[in-house]
Amino acid sequence: MLANHQELDVVVTAVASVGVVVRADGQDGFIDQVKHPSWRSDTPRAEVGDRLRVAVLDASRTPPRLSALPCDIRTARSLRHTEPLVRLCPPPGEGRTVKWSVVEEALGIALPGDYKRLVEKFGGGLFAGALWLLEPDCPDAMYDLVAQTTQRAEILAGLWDAGEEKPSELDQGGVRLVPWGYAEGGGHFLYWLVRPDAAPEEWTVILNEGRGPLWEAHPVSCSRFLLDVMTGTTSSFYFTDLEDDPASDDKPRFEPNSQILGQ
């Protein structure tokens, strides 16, 4: 049984003008012609016997719809950890709608798909009593994605001008930091390491400790970082000593901004 966002290898078994049929994990799947690399590039058209790496777009259809486009595969990888988070921390409401084009224009970047999915499911708020997810248009600027992007850039620039050492990850030209999370109590900020040569789904997480100059890099998406914190499997020094099991039943696993801030 295939699942949405699953990634797997398939073999082409039939070719038609509208797309190709493939054998995927013991069952048939379908790749629409626009979801094969040959539609947008000089890649040769599909032939029977070709082996492809694909992502599952819609497992509910018959046959399941797949994509062999690298961009869809990257997106699937980033979304793979949002659904376990939703199961572990059921959202308190129906979620929210965000005009992402407006937010992305304000930031000057496209945002990762997993972050958008988290905000649409949860809104902003506090995971495990320890880690805030910043959101666009939060009434409190401390937890607002756009406001903190501007503020943190100014603060970091001042620290670096004063002689504090930059993390080596910023040595590459054009790299910037955009905050997405904040650690309650410790004051640590979590950023995306935004690289000009990488798609948003390939950005990784980098943490700056709240009361010192140290940085900690993690080659994972924000949703994977959150999931690891929630399941107690994180490798982050700053989240391995939580007093309680972050996924225990005797404490809220997620508290929305509207509840905490009373807004």
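As shown above, the structure is provided for reference.
Report follows, based on the coordinates. (Residues numbered from 1 in each chain as written. Predicted model: local features only at pLDDT ≥ 70, side-chain atom pairs only at ≥ 80, totals over all residues. Heavy atoms only, no water.)

### Notes on the overall build of the protein
- Of regular secondary structure, the protein possesses 7 helices and 12 strands.
- Dimensions of the protein, computed from the C-alpha atoms along their principal axes, are close to 60 × 45 × 35 Å.
- Counting over 263 residues, the protein shows a buried share of 47%.
- Restricting the contact set of the protein to residue pairs at least 6 apart, pairs at least 24 apart contribute 55%.
- When the accessible surface of the protein is summed, it comes to about 13,100 Å², and 48% of that surface belongs to carbon and sulfur atoms.
- Positive and negative side-chain charges of the protein, numbering 25 and 40 respectively, have mean locations separated by a distance of 7 Å. (Helix = DSSP H or I, 4+ residues; strand = E, 2+ residues; numbered from the N terminus. Buried < 20%, exposed > 50% of the residue type's maximum accessible area, 1.4 Å probe, protein only. Contact = heavy atoms within 4.5 Å. Areas by Shrake-Rupley, 256 points an atom, 1.4 Å probe, with all protein chains shown as cover. Lys, Arg positive; Asp, Glu negative; His and termini not counted. Charge placed at Lys NZ, Arg CZ, Asp CG, Glu CD.)

### A word on the environment of C138
- With respect to the secondary-structure elements, C138 resides in the loop between strand 7 (131-133) and helix 5 (145-161).
- For the pair C138 and D9, spaced 129 residues apart in sequence, the C-alpha to C-alpha distance is 42 Å.
- Contact partners of C138, with chain neighbours within four places excluded, come to Y143, D144, N257 and L261.

### Remarks on the nonpolar core
- Membership of the largest hydrophobic core comes to 54 residues, with the highest contact counts inside it found for L111, Y115, F127, L177, W180, W192 and F239.
- Look past the residues within four positions of Y115 in its chain and what remains in contact with it is W100, L133, L134, E135, P136, L145, W192 and C222.
- Among the nonpolar cores identified, the runner-up in size contains 15 residues, and V20, V22, I31 and A46 belong to it. (Core = buried A, V, L, I, M, F, W, Y, C linked by side-chain atoms within 4.5 Å.)

### Brief notes about the packing of aromatic side chains
- Applying the stated criterion to the full structure yields 16 aromatic pairs.
- When the ring of F237 is compared with that of Y238, the centres are 5.2 Å apart and the planes differ by 85°; the resulting orientation is edge-to-face.
- Relative accessible area serves as the criterion here: at 15%, Y238 is assigned to the buried category.
- Members of the aromatic cluster, joined through ring pairs, are W100, Y115, W180, W192, W203, F225 and F239. (Phe/Tyr/Trp six-rings, centres within 6.5 Å; stacked < 30°, edge-to-face > 60°.)

### What about the environment of A157?
- Secondary-structure assignment places A157 in helix 5.
- Given a relative accessible area of 33%, A157 falls into the partly exposed group.
- A157 sits 97 residues away from S60 along the chain, and the two C-alpha atoms are 49 Å apart.

### A look at the sheet that holds strand 2 (residues 19-24)
- Reading around the circumference, 1-2-3-5-4 is the order of the 5 strands in this closed barrel, with mixed pairing throughout. Each strand of the sheet is rotated relative to its neighbour by a mean of 55°, with strand direction disregarded.
- Sheet analysis places strand 2 next to strand 3 (residues 27-32), joined by 6 bridges and oriented antiparallel. Bridge pairing in strand 3 places R23 opposite D28.
- Against the sheet, helix 1 (residues 70-79) contacts strand 1 (7-16), strand 4 (51-58) and strand 5 (65-67), and its axis sits at roughly 55° relative to strand 4. (Pairing = 2+ DSSP bridges. Axes fitted to C-alpha atoms, helices over the stretch in contact; angles between N-to-C directions.)

### Here we look at the sheet that holds strand 12 (residues 254-256)
- Pairing in this open sheet of 7 strands is antiparallel, and the strands run 11-10-9-8-7-6-12 from one edge to the other. Two strands in the sheet have a free side with no partner beyond their single neighbour: strand 11 (215-218) and strand 12. With direction set aside, neighbouring strand axes in the sheet form an average angle of 30°.
- Relative to strand 8 (residues 176-183), strand 7 runs antiparallel, the two sharing 3 bridges. When the bridges of strand 8 are listed, L131 appears paired with A183.
- Sitting on the sheet, helix 5 is in contact with strand 8, strand 9 (189-194), strand 10 (204-208) and strand 11, with an inclination near 110° to strand 8.
- The strands touched by helix 6 (residues 222-231) within the sheet are strand 6 (125-127), strand 7, strand 8, strand 9, strand 10 and strand 11, with strand 7 carrying the most contacts at an inclination of about 150°.

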